[in-house]
Amino acid sequence: MLPYTVNFKVSARTLTGALNAHNKAAVDWGWQGLIAYGCHSLVVVIDSNTAQTLQVLEKHKADVVKVKWARENYHHNIGSPYSLRLASADVNGKIIVWDVAAGVPQCEIQEHVKPVQDLQWLWNQDASRDLLLAIHPPNYIVLWNADTATKLWKKSYADNILSFSFDPFDPSHVTLLTSEGIIFISDFSPSKPPSGPGKKVYISSPHSSPAHAKLAAATGAKKALNKVKILITQEKPSPEFVALNDCLQLAYLPSKRNHMLLLYPREVLILDLEVNQTVGVIAIERTGVPFVQVIPCFQRDGLFCLHENGCITLRVRRSYTSIYSTSSEEPDPEPVQELTYDLRSQCDAIRVTKTVRPFSMVCCPVNENAAALVVSDGRVMIWELKSAVGNRGLRSGSSGVSPLYSPVSFCGIPVGAQQNKLPDLSLEDMIGQSAIAGEDHPKGPIPQEVHLRFLLTGLLSALPSPPLAVRMCPPLTTKNIKMYQPLLAVGTGSGSVLVYHLTSGLLHKELSVHSCEVRGIEWTSLTGFLSFATSTPNNLGLVRNELQLVDLPTGRSIAFRGDRGNDEPPIEMIKVSHLKQYLAVVFKDKPLELWDVRTCTLLREMSKNFPAITALEWSPSHNLKSLRKKQLATREAMARQTVVSDAELSIVESSVISLLQEAESKAELSQHISAREHFVFTDSDGQVYHLTVEGNSVKDSARIPPDGSMGSITCIAWKGDTLVLGDMDGNLNFWDLKGRVSRGIPTHRSWVRKIRFAPGKGNQKLITMYNDGVEVWDTKEVQMVSSLRSGRNVTFRILDVDWCTSDKVILASDDGCIRVLEMSLKSTSSRMDEQEWIEPVWCPYLLVPRASLALKAFLLHQPWNGQCSLDIFQVDYPENEEIKTLIQEQLNSLSNDIKKLLLDPGFTLVQRCLLVSRLYGDESELHFWTVAAHYLHSFSQDRQEAAPRDKVNNPLDMCYDVLCENGYFQKFQLERVNLQEVKRSTYDHTRKCTDQLLLLGQTDRAVQLLLETSSDNQHYYCDSLKACLVTTVTSSGPSQSTIKLVATNMIANGKLAEGVQLLCLIDKAADACRYLQTYGEWNRAAWLAKVRLNSEECADVLKRWIDHLCSPQVNQKSKALLILLSLGCFASVAETLHSMRYFDRAALFVEACLQYGTLDVNEETEKLISAVSADYARSLRNLGFRQGAALFASKAGAAGRGLLGELESHKEELMEE
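Before going into details, it helps to say that this report is about the structure given with it. Small disclaimer: the values here were computed from a predicted structure and weren't measured. Position labels on residues start from 1 in each chain and follow its written sequence. Totals for whole chains, interfaces and linings use every residue, but because this is a predicted model, local features are given only for residues with pLDDT of at least 70 and side-chain atom pairs only at 80 or more, for both listing and counting. To obtain the side-chain values, all non-hydrogen atoms of the structure were used and water was disregarded.

**Description of the sheet that holds strand β34 (residues 468-472)**
- A pair of strands counts as paired when DSSP detects no fewer than two bridges linking them. Helix and strand assignments follow DSSP, with helices taken as H or I runs no shorter than four residues and strands as E runs no shorter than two, numbered in order from the N terminus. Strand order in the open sheet formed by four strands is β34-β35-β36-β37, with antiparallel pairing between adjacent strands. Across the chains shown, the open sheet's two edge strands, defined by having one partner strand only, are β34 and β37 (506-512). Averaged over all pairs of adjacent strands, the angle between strand axes in this sheet comes to 20°, irrespective of strand direction.
- Pairing analysis gives five bridges linking strand β35 (residues 487-492) to strand β36 (residues 496-501), with the strands arranged antiparallel. Each residue of the ladder has a partner; that of Ala489, found in β36, is Val499. Here an axis means a line fitted to C-alpha atoms, over the contact stretch when the element is a helix, while the angle between two N-to-C directions is reported on a 0 to 180 degree scale.

**Considering the nonpolar core**
- Judged by nonpolar contacts, the single largest core of 181 residues is most densely connected at Leu1088 and Phe1149.
- Tallying contributions element by element places helix α24 (residues 1143-1156) first for this core, with nine residues.
- The contact criterion used throughout is that any non-hydrogen atoms of two residues lie within 4.5 Å. Apart from residues no more than four positions distant in its own chain, Leu1088 is found in contact with Leu999, Val1060, Cys1064, Ala1069, Ala1072, Cys1073, Leu1076 and Leu1093.
- Among buried residues, those of type Ala, Val, Leu, Ile, Met, Phe, Trp, Tyr and Cys that are joined through side-chain atoms within 4.5 Å constitute a nonpolar core. Per-residue accessibility, obtained with a 1.4 Å probe over protein chains only, is compared with the maximum for each type, and a residue is labelled buried under 20%, exposed over 50%, and partly exposed between these values. With 30 residues, the next largest nonpolar core counts Leu463, Leu488, Leu498 and Phe529 among its residues.

**Digging into α24**
- Over its 14 residues, α24 runs 20 Å from end to end, which matches the ideal 20 Å to within 8%, given 1.5 Å per residue.
- For α24, the tally of buried residues reaches twelve of 14 residues, placing the bulk of the element in the interior.
- Looking only at α24, the buried set comprises Phe1143, Asp1144, Arg1145, Ala1146, Ala1147, Leu1148, Phe1149, Val1150, Glu1151, Ala1152, Cys1153 and Tyr1156.
- Gly1157 occupies a position one or two residues after α24 and carries a positive phi of about 65°. One less than the number of residues in a helix, times 1.5 Å, gives the span that helix is expected to have.

**Thoughts on the packing of helix α22 (residues 1117-1127) against helix α23 (residues 1130-1139)**
- The interhelical angle for the contact between α22 and α23, taken along N-to-C directions, is 160°, at an axis separation of 8 Å. With respect to their mutual orientation, α22 and α23 come out roughly antiparallel. Where α22 crosses over α23, the handedness of that crossing is left-handed. The residues of α23 that touch α22, namely those facing Leu1121, Leu1124 and Leu1125, are Phe1130, Ser1132, Val1133, Thr1136 and Leu1137.
- Put simply, Ala, Val, Leu, Ile, Met, Phe, Trp, Tyr, Cys and Pro go in the nonpolar bin, Asp, Glu, Lys and Arg in the charged bin, and everything else, Gly too, in the polar bin. Of the residues assigned to the contact of α22 with α23, the class counts are six nonpolar, two polar and no charged. Each angle receives one of four descriptions, namely roughly parallel if under 35 degrees, roughly antiparallel if over 145, roughly perpendicular if within 65 to 115, and oblique otherwise. Note: crossing handedness is left-handed where the near helix turns anticlockwise from the far helix by less than a right angle, and right-handed where it turns clockwise.

**Quick look at the sheet that holds strand β47 (residues 677-683)**
- Ordered by their spatial adjacency, four strands build an open sheet running β46-β47-β48-β49, and the pairing between neighbours is antiparallel. Looking at which strands have only one partner, the edges of the open sheet turn out to be β46 (613-622) and β49 (697-704). When the angles between neighbouring strand axes are averaged without regard to direction, this sheet yields 25°.
- Here β46 runs beside β47; their pairing, made up of six bridges, is antiparallel. Paired with His622 across the bridge in β47 is Glu677.

**So, a positive patch on the surface**
- The patches reported here contain residues having more than 30% relative accessible area and no salt bridge. Joining distances are 9 Å for like charges and 5 Å for nonpolar side chains (Val, Leu, Ile, Met, Phe, Trp, Tyr). In this description, accessible areas are obtained by the Shrake-Rupley approach with a 1.4 Å probe, and a residue is regarded as covered only by the protein chains that are shown. The rule for a salt bridge is simple: a side-chain nitrogen of Lys or Arg has to be within 4 Å of a carboxyl oxygen of Asp or Glu. In this count, Lys and Arg are taken as positive residues and Asp and Glu as negative ones, while His and the chain termini are left out. All charge positions are set by atom: Lys at NZ, Arg at CZ, Asp at CG, Glu at CD. Together, Lys479, Lys625, Arg628, Lys629 and Lys761 make up a region of like positive charge exposed at the surface.
- Note on placement: Lys629 falls in helix α5 (residues 624-643).
- By relative accessible area, Lys629 is classed as exposed at 64%.

**Some words on the pairing of strand β4 (residues 42-47)**
- For β4, the tally of buried residues reaches six of six residues, placing the bulk of the element in the interior.
- Side-chain alternation along β4 places Leu42, Val44 and Ile46 on one buried face and Val43, Val45 and Asp47 on a second face that is also buried.
- Summarising the sheet, strand β3 (residues 34-39) and β4 pair through six bridges and their orientation is antiparallel. Note on β4: the bridge partner recorded for Gly38 is Val43.
- What sits between the antiparallel neighbours β3 and β4 is a turn of two residues, in which His40 has the positive phi angle 55°.
- For β4 and strand β5 (residues 53-58), the ladder comprises five bridges, and the chain directions are antiparallel. Looking across to β5, one finds that Val44 is bridged to Val56.
- The antiparallel hairpin formed by β4 and β5 contains five residues in its connecting segment, where Ala51 sits at a positive phi of about 50°.

Shown next, in the form of structure tokens:
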């Protein structure tokens, strides 16, 4: 049998409570899989999988208002490893950047003393990763280097800035939400502040817009459309229409370019920024619950919405295919009227009260299949989306909501029914894409219908709001080491007692014991305690006293004083004797009661003239040892008595024997002997009384007159030969009972509320609590060890104190937190790798950089030695045992579903790369492998079959914008223009639609729109001529050359858009793209190339863009890589990766290409393959991962031979040793 080990190591930690109103928006879910949120001035970090608190960061002096995890959008290697970096900002304008694993601040930033309004890390990956953009009130945006705390630039605006949002498709575009409207900035750059005031637009609130007032009589559908016709205006709206900008939130949609979302309490508006027009609205019915927050997804066009009742809903954009793309019917003449988001799933609401309301929601950025809700009472609820395959027959046809289908692919690759897949891995693995209007149904097997539901997978509860009374269980001794648990009992204002296990910091039990505020707790053993509570006094000053004895294992609680307790003076304190035999109950205006704890009987109620008690303490001395000796002697005598002969029997008097037997039976009856114990107490004059209790007799043994230097005594502590008294005026009096000397020390800190000795033999440390803080004293030396003062060192007030272990103290404070601190009373965050958690946590970021990268390589290059394994000890990795054990713990903490996938030999390399990038939360890898998987598969299909087949059936998601297939991209743009056309309300909008239609080659519809211009419009003549030109343009050659000449002149004279339009009319879109690129309109050129050019011409345009992106002044190679992937230039991708020194990604990519047969093997590519493999082998050797190094050195041919030899000889040396 294994020896029984017990864990009683207690590290410094903080148990957090309810949140403050300032903390409302201070929450963030990082790519690392951890959630951080603000709780008063603390930052709490929890694990989203196991809902355990991993870290509490304490350094801010004021309430935290924002927290933001650093993005992981860069290539990780030993130089830039996986690290947990977090920025937090407070009400006083201070920003702290943390190294979360070590629990230390890396740098501190201060600009103004007002609360920081918003905070965001710049994620544009090839630039620096240390840049942090902050809004400092009222109207400054400042860019900081968060590594060195230097200010790079600062810019002020005319309005008060509330928040900002970056365009996920173009890092130079930022939008500010101000108190009056919106400011668009289109020249954001890390190197210099934006020029000019930005483009300012005003929002006319949906309810107060004039359009809404006029169209009251319109029908339902039209009403919804017209309600938001005019939304964004350049002119300031007249005051009667817009009272206040009640827009709660503004965010770009990461799922499609140039779309933005505005959130109002009762609706979400989707804007198309090309025409500044609402193209979708999600309104709540009159009886519905208003919105608080919305998070748009990037993987599928979905929205996570939080409502005022704490309910989280998921809405997904409706797919229009199923309505009218059936071949038998004629297509509907009026296609999409509106972007509609259907409610697909919702979770349970919470009970909202005055003090309990939802604060904020965050969504998992990696998989987008889970949301966490932070509630004002400190709870964190983690809701995960689960998908279930639905039955077609069950669905009611009347609901009108088109079904959701399961996706064709898993981890980027189409999979068959037999293959292993994990449908709940991420949002894109749960639901297929919303099909685009006009697209045919995918041929092949009919996909399965899915239904989504939210499941509560994690709940973290917090401490209740103060007041709190704390008491630690009896200390660890050699006798109780087998069953000891470090338990802390916390009495609350509502009458319940919470018991926390301090090794893990988790709630062990919550017991509802009393009906009013708990005033004090005393433990009677390791598994039981007494607690007392008093109700509010009536007009006579009498209360209901509740004194309960609680048995912890069963939770049974009994009224200790029986029927007593109604209408009597309040209990002031209860004190349990040193041997846990007796209990003294002290009342306010009523004599002392002495009870026997073991039998729950009253031993003595003192007489009416008994002095009023101000402080009381039991003595640690008793006569238990001498009693035990006597008992042993008795037993021995009895034992001897039974063996002596009958003759000797007569010598011993039978009466003595009977007495002995009587005593023995009594002792067995009570199981315990009643030892003699003493206690001292002081009266209101300061006189000290000493009483002795034995059995049920109480004797008055001595009285000591008051000390003249002391005021009214408030508390006493006694340990060994030291007795300490504290008084109302902050004086401490130390008595040495052996040496019979006393020493008074004035602390000048007002009323001494509590004094307590530390546990442990010979440990003479003492904690004293005052109104304004605490001190730790050494009573041997009679000197102060450490001190903590509210308002000076800390912002909180101390409510209660106790010792946790012989060198750690517990402080309960008015910010609702309980802190376990070292004796120095300095609040420090402990290192995460030193903490012990109940459940294992998957977070490779906690490993040292070498180990986290070696673990990644171990997962990616399965199988090892011919079989898939999750045992790091099976491979040649000569790292020290401790690190290998930590790596193995990480592997063991993976869920069984993930383990099953990783151990599946049929799980391809590309799928493995995608899965590991999700597990590591590696943003840059995730996007690279998603695009790579898609195009490797699609190009390998093209090679196998003459006709391109699978391309549009399973297209790349629209969030990848210009990386999508041209056909799919064109369809999406056409659908978008249709929508813009339906929604147009002013001449400006119509003109923008005409321009788009002409670029897309939709000349007939463009002419219709041009002819709509009314005769009193100043552009009437121009538009009419343009309509004529568009209809006749396809004719002779001379007209083409004239138009080309006019177009080039226009472009030369600054009319770029008009010139490009003319070139598109005469099918010279390739020239148009070249002009756009010359004038720096790279995105526009790429867009035009994708919608107008054939694939070869389009590839030329994109390749020019790639060259531009790779140039040193632009340095966006990572974006260039993705474009190269979409063009199928796989050899160039491998070369670029190698030149960027991304050796791991390059080697994996080459291997994937070879598996798919998309890399032509010739002399050049072989050279590339061996160079990539050799460099990767070297980097694996530097990580100490020798088996991986040998694997890739063997693939590198001649380049790897030297390295192989080195590794082999090293192995032989080890074998010899």
